[in-house]
Each structure stands twice: as C-alpha cells, then as structure tokens.
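# Inside the fold
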Amino acid sequence: MEIVFMGTPEFAVPCLEVLASNSDTEVKAVFTQPDKPNGRKMKLQFTPVKKKALEHGIPICQPASLRKGEDAEKALNFLQKIQPDCIVVAAYGQILPKEILELPKYGCINVHASLLPKYRGAAPIQHCILNGETETGVTIMQMAEGLDTGDMLLKESIAIGENEIAEELHDRLSALGAKLILPALQGLEQGKLIPEKQDDSKSCYASMIRKEMSALDFEKSAQELHRIICGLTGFTKLDNKRLKIIRAVVSDIAGNHAVGTIIDADKFIVQCGNQTALQFTEVQLEGSKRMPVKEFLRGKKLIKGQQLGA
C-alpha cells in the first residue's frame, strides 16, 4: 500500500518508523509542520518526524497551511500527483480540508491517543490524567471534517499507573499506536474492519494546555495536586525561585499545618488542603537540572515550616 504520512512530534515517530520499515507499505511522502527557531541563537529546528523521514530518505513537505494560500494549493497538487492509497495522520497539528480527506482510495486515518469518543482534541493524554482516569488507549479512526469525530476502526486500551506521569503515558501510547497501524491498514485493504460510529453524547474535549494550569494551589487536596503534577508537571516557588515538581506521591503524613508549608524537611512533604499532604519525589529548581529529591536535598537544606508558593 502506498502511504502519505502526516505527523510532527515524538508521538508520531514510532508509527512512521513502522510504516517506513515494513515491506507491505511504501511511504511516498511525509508532511510535517514547518521548522521553528529554537534556543538562544534561534536556529531552525527540524521536527522529530522530519528527522526520521530524513533517515529513511523520504520526500518531505512542510506547508504552513493545508487549507488556504499558495502552500495549500501546492500540497493538494502534490498529493493529486502521488495518488496515495491512504493518508496516515498522527499528531500532525493541522486540519485537513475535504479535498484531501476524500483524495485517497482508503481515505485518511488518524492515530488518536484516547479511547474515543472521550478526549477529542489536542491534549488527550494530559486531560486523562488530570481527570483521574484509570484507563486510556489509542483509537485508529477514519477522518472526517469534524474534530476527531470520524468512525472508529480499531481501538485498544491500557491502564494508567497510579503515579504515572504524562511523558511515560505518552511513550506507551505512542508505541501502542505504532503497534496498531499495520493491522488497521491491512484491515482496510482487506475490507475486514467494521467502522463504528462515535456516540457524541459520550464525548468530551481535551483542550490545549495553558501554562497557568500547572500552578500548584496548596489549598487544593493532595489528590488534586497529584493529578496536576502527573498530568502537566506542577510548579511553585521555593526561596523566590521557580520549582518544578515532576513527580510526587500522596503522603499519609498530614495534619493541621498551614497549607503550602513543609511538614517534613527530610522527605520534602508539603501540607495541602483538606488535611492531606504530598511528598515530592522528583524536582527541578530554577537554574538547575531535574533530579530525584534525595539528590536535591543533598545540596539544598529545607526547614520544617518553610512556606512554598508566591
């Protein structure tokens, strides 16, 4: 089967690797977002998908838009010349117009990191954790004009670990998407997949993540803050420096202390709301590297009763 692949971040790379390495699929072209300036020198940085495409010598297209302007017209003409059997999309970051959706023989299919119809949208992995879900998965869906509204073709679920952080769940879902993509394409080609309509009444939207969502308000319970830390990486202030909280566990040590104060300086346990507490286990102080708290405490003395936050 001749494929055009559309993807941008690390999530999409394992899927492209599977398609590029399989003898039954030929990736005719890769579409990815334009290079963006990065770092102090603002040097243009390739997307992870572009790097992988270059490794395999696959032609690369980076239109600024697929829906309007000269780039969109060129992209459509290019795809019409290739006439792919299928377009595979994984976290591409652009909305495909009707002309492209209807162009391939088997249509366009999307590798989506949730169990649709739940968590349509840009940030399903983070929102699953923020909402305390215990299960998520990957859905391979036939793309339609709506946002993640097309018929479901293949789905597989996985459990979310109690203290699993978003980057770990991201990697597991990325690998699961790569595992499902070939069976999905084979099922399409052989006519063995039965499309399942989504129940819109069960849908919810996973909006883009905003910076302020990561701020830790210690008036909230330890359970609420734990979900923020696992889903987004939380932040607070320690000695007027920004402190990222990368991992934490809910502690059984708590009391009537003022919220946001350190109640155990040797284990970095902090009082939260509703007489609950969090133990930080991996942190990153402004100007330093991320590290386990045991290592952090070797170089930073904390004081019981010390206040965190602005």
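The paragraphs below set out a description of the structure included in this document. (Residues numbered from 1 in each chain as written. Predicted model: local features only at pLDDT ≥ 70, side-chain atom pairs only at ≥ 80, totals over all residues. Heavy atoms only, no water.)

### What about helix α1 (residues 13-21)?
Inclusion rule: Here's how the labels work: a residue is buried when its accessible area is under 20% of the maximum for its type, exposed when over 50%, partly exposed in between, all with a 1.4 Å probe on protein chains only. Secondary structure elements are defined from DSSP: runs of H or I of at least 4 residues count as helices, runs of E of at least 2 residues count as strands, and each element is numbered from the N terminus. The arc refers to the directions leading from the helix axis to the C-beta atoms. Should any heavy atoms of two residues lie within 4.5 Å, those residues are counted as being in contact.
Looking only at α1, the buried set comprises V13, C15, L16 and L19. Buried positions in α1, seen along its axis, are confined to an arc of 155° and lie on one side of it. Buried residues in α1 make contact with β1 (2-7), β2 (26-31), α2 (48-55), β6 (86-90), β7 (108-112) and α6 (166-190).

### Thoughts on the side chain of E282
Stated precisely, the cut-off is as follows: Polar contacts here mean pairs of N or O atoms no more than 3.5 Å apart (in protein, one a potential hydrogen donor and the other a potential acceptor; neighbouring residues in sequence count only if both atoms are side-chain atoms).
Along the chain, E282 falls in strand β16 (residues 276-285). Polar side-chain contacts of E282 include one of 2.8 Å to the side chain of R290. Those residues in contact with E282, other than ones at most four positions away along the chain, are K244, I245, I246, R247, R290, M291, P292 and V293.

### A look at the environment of F11
With respect to the secondary-structure elements, F11 resides in the loop between β1 and α1. F11 gets classed as buried once you look at its relative accessible area, which sits at 8%. Setting aside anything within four residues of it in sequence, one finds F11 in contact with A91, V111, A113, H170, L173 and S174.

### Section: the packing of α1 against α6
Rule in force here: Note on geometry: axes are lines fitted to C-alpha atoms, helical ones only across the stretch in contact, with angles between N-to-C directions running from 0 to 180 degrees. The crossing is said to be left-handed when, going from far helix to near helix, the turn is anticlockwise and less than a right angle, and right-handed when the turn is clockwise. Three residue categories are used. Nonpolar comprises Ala, Val, Leu, Ile, Met, Phe, Trp, Tyr, Cys and Pro, charged comprises Asp, Glu, Lys and Arg, and polar comprises the others, including Gly.
With their axes 7 Å apart at the nearest point, α1 and α6 run at an angle of 35° to one another. Crossing hand, α1 versus α6: right-handed. Where α1 abuts α6, its residues P14, C15, V18 and L19 lie against S174, G177, A178, I181, L182 and L185. Its residues placed into classes, the contact of α1 with α6 shows 8 nonpolar, 2 polar and no charged.

### Here we look at the sheet that holds strand β5 (residues 60-61)
What counts is decided by this rule: Strands pair, by our definition, only if DSSP identifies at least two bridges between them.
Read from one edge to the other, the open sheet built from 7 strands follows the order β5-β2-β1-β6-β7-β9-β10, with strand pairing classed as mixed. Each edge of the open sheet carries a strand with a single partner, namely β5 and β10 (152-159). As paired elements, strand β9 (residues 135-142) and β10 share 7 bridges and run antiparallel to each other. Across the sheet, T136 pairs through a bridge with I158, a residue of β10. Relative to β10, α6 is tilted by about 150°, and along the sheet it contacts β1, β6, β7, β9 and β10.

### Structural notes on the pattern of salt bridges
Condition: Salt bridges are counted wherever a side-chain nitrogen of Lys or Arg sits within 4 Å of a carboxyl oxygen of Asp or Glu.
For the structure shown, the criterion picks out 17 salt bridges. A salt bridge links K197 to D151; the nearest nitrogen and oxygen atoms lie 3.5 Å apart. Note that K197 is positioned in the loop between α6 and β11 (205-206) and D151 in the loop between β9 and β10, a separation of 46 residues in sequence. Residue class for D151 comes out partly exposed when judged on its relative accessible area of 22%. For R210, the salt bridge goes to E212, with nearest N and O atoms at 2.9 Å.

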